[in-house]
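Architecture at a glance
If you want the building blocks of each chain, they are given just below.
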Amino acid sequence: MSSQLLEKKVQDPKKQLAALLHEAQKSLQFEKLHIKGYEKVLKVTDKKVGLTAIIAIHNTLLGPALGGTRIRSYPNFDAALEDALRLAKGMTYKAAIAELGLGGGKSVIMADPKTEKTPELLMAFGAAVEKLGGLYICAEDMGCTTEDVKIIRKMTQYVVGLPHHNSSGDPGFFTAWGVFRGIQSIVKRLYMSDSLEGKKVAVQGLGNVGKILIDHLFWAGADLILTDIDAERLSACAKKYRAKMVAPDEIWKVECDVFAPCATGGIINDQTLPEFRCKAIAGCANNQLAQDHHANELKARGILYAPDFVINAGGLMNVAIEIEDEGYNPRIARYKAHHIYDTLLAIYDMADKNHESTQQAALSLADYRIKYAIGKRVIPPTFHHSAE
Ligand code: NAD
């Protein structure tokens, strides 16, 4: 072979990537964990790059499991597993309610996103996702940015939410719009009008979603009460909107119309419940209820709750559009997120009729859709983006 040909062969990027993938998959180890109620749970390790990850696939009756990849330094493996399992199950319900032809899954990488997240680690994880042949599709999540997803994409096509013209990018805008519509549904239910003029909304967490949400709320005329553990971010937002600031451990005690948790999960718990002085809770955080029974306690206290997996589905709706045949179209995602308002109003009605919590009503609706395969995927997903 001439040296020119040899050079061409070595530089062919597709072949280089295939060789890299082959190499990466050789050092991966998969351990199947048997978890009742879950279709497939895998512990994935790669000692060479220091990867320990969990890919949890809860249910694929309606379509392939789609869920973000969380990168976090968990205290131990069990804590990581618990997080992955809870989040994966939530994704099944979220996708079922939103009728996206998708199942539920989630992955976690046990690593500090600030100090341990390397391209090698992300690529090894991508190689593991590729090995599942499309059963699981990953996306950004806490600790994992759209730029990180771009690196994962080098090893697998089964990703969504890339900063790429054929992809949907950051889901935060769509999540925030869905939450805003959800807050309007709450106000409609409480006051017979969805106007937010003069309504007090206390927002916990001003990150990707929270900072966009408060902008929508501001322009709709709401009075904002804000908190964040990032003091600089908090004061910048409060200044921008002339909003009231409170300490992070005060926000759930604020007297308001709506408390919007937009930070971490578990905020509705034994300690916070007796301290709530809000009329309703509606925010983007995942797993807001520390335990399922807390939904009944909210109902008993007369606090209207917008189930998190319904109100925060805007981002999932957005990424789901990009795997349709026609490719990504933000206008379709916008309409889907817009209708979170109607879905929530129906859920409040169902809960009333059945004398149950809104959480239970939403779970029953999702179970019904899964049981009768309503919204099951017919056309297999198409991945329109490329690896560069
Ligand atoms: P983010 O990391 O960008 O923002 C979280 C914000 O909360 C940060 O500003 C952080 O400083 C603050 N925070 C953390 N702990 C806090 C506390 N105890 N008190 C007050 N502030 C605190 O995350 P995000 O993308 O905005 O997502 C927020 C929540 O919504 C997460 O639970 C996430 O899983 C969920 N969610 C996000 C999306 C999305 O599209 N990004 C979609 C669905 C659900």
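Everything that follows concerns the structure shown earlier in this document.
Structure report, in brief. (Residues numbered from 1 in each chain as written. Predicted model: local features only at pLDDT ≥ 70, side-chain atom pairs only at ≥ 80, totals over all residues. Heavy atoms only, no water.)

A look at the side chain of Asp46
Relative to the helices and strands, Asp46 resides in strand E2 (residues 40–46). Although Asp46 is buried, it forms no salt bridge, and the closest oppositely charged side chain is Lys48 at an N-O distance of 5.9 Å. Each residue touching Asp46, except ones within four places of it in the same chain, is listed here: Ala24, Ser27, Leu28, Leu51 and Ala124. (Helix = DSSP H or I, 4+ residues; strand = E, 2+ residues; numbered from the N terminus. Buried < 20%, exposed > 50% of the residue type's maximum accessible area, 1.4 Å probe, protein only. Lys, Arg positive; Asp, Glu negative; His and termini not counted. Salt bridge = Lys/Arg side-chain N within 4 Å of Asp/Glu carboxyl O. Contact = heavy atoms within 4.5 Å.)

Observations concerning the site of the ligand
Around the ligand, the surrounding shell holds 21 residues, and the nearest of these are Thr175, Asn208, Asp228, Arg233 and Ala263. One of the backbone nitrogen or oxygen atoms of Ile229 is found 3.4 Å away from a nitrogen atom of the ligand. Here the ligand loses 80% of its free accessible area of 830 Å² to cover by the protein chains. For the shell around the ligand, the class distribution of residues is 9 nonpolar, 8 polar and 4 charged. (Near = heavy atom within 4 Å. Polar contact = N/O pair within 3.5 Å; in protein donor to acceptor, adjacent residues only side chain to side chain. Areas by Shrake-Rupley, 256 points an atom, 1.4 Å probe, with all protein chains shown as cover. Nonpolar A, V, L, I, M, F, W, Y, C, P; charged D, E, K, R; others polar.)

Focus on the environment of Glu255
Positionally, Glu255 belongs in strand E10 (residues 255–261). Once the C-alpha coordinates of Glu255 and Ile225 are considered, the two residues, 30 residues apart in sequence, prove to be 9.9 Å apart. Those residues in contact with Glu255 that lie beyond four places of it in its chain are Lys200 and Arg277. Looking at Glu255, its side chain comes within polar contact range of the side chain of Arg277, at 3.1 Å.

Side note on the pairing of strand E7 (residues 200–204)
Taken across its 5 residues, E7 has 4 buried, putting it largely inside the fold. Bridge count for E7 against strand E8 (residues 223–227) is 5 bridges, and the pairing is parallel. Directly across from Ala202, in E8, lies its bridge partner Ile225. Looking at chain direction, E7 and E10 are connected through 4 bridges and run parallel. Bridged to Val201 within E10 is Val258. (Pairing = 2+ DSSP bridges.)

Regarding the packing of aromatic side chains
Overall, the coordinates contain 7 aromatic pairs when judged by the stated rule. Where Phe218 meets Trp219, the ring centres are 5.2 Å apart and the plane angle is 85°; that geometry is what we call edge-to-face. The exposure class of Trp219 is exposed, given its relative accessible area of 68%. Geometrically, the ring pair formed by Phe259 and Phe276 is tilted, given 5.9 Å between the ring centres and 40° between the ring planes. You can see Phe259 sitting in strand E10 and its partner Phe276 sitting in the loop between E10 and strand E11 (277–281), a full 17 residues away along the chain. Through successive ring pairs, a cluster of aromatic residues spans Phe218, Trp219 and Tyr241. For Lys43, the ring lying beneath its charged end belongs to Phe77, and the centroid distance is 4.8 Å. In this arrangement the basic side chain of Arg181 is found over the ring face of Tyr341, its NZ or CZ atom lying 4.4 Å from the centre. (Phe/Tyr/Trp six-rings, centres within 6.5 Å; stacked < 30°, edge-to-face > 60°. Lys NZ or Arg CZ within 6 Å of the ring centre and 35° of its normal.)

Take it as geometry only, folks, not as evidence of what the structure does.
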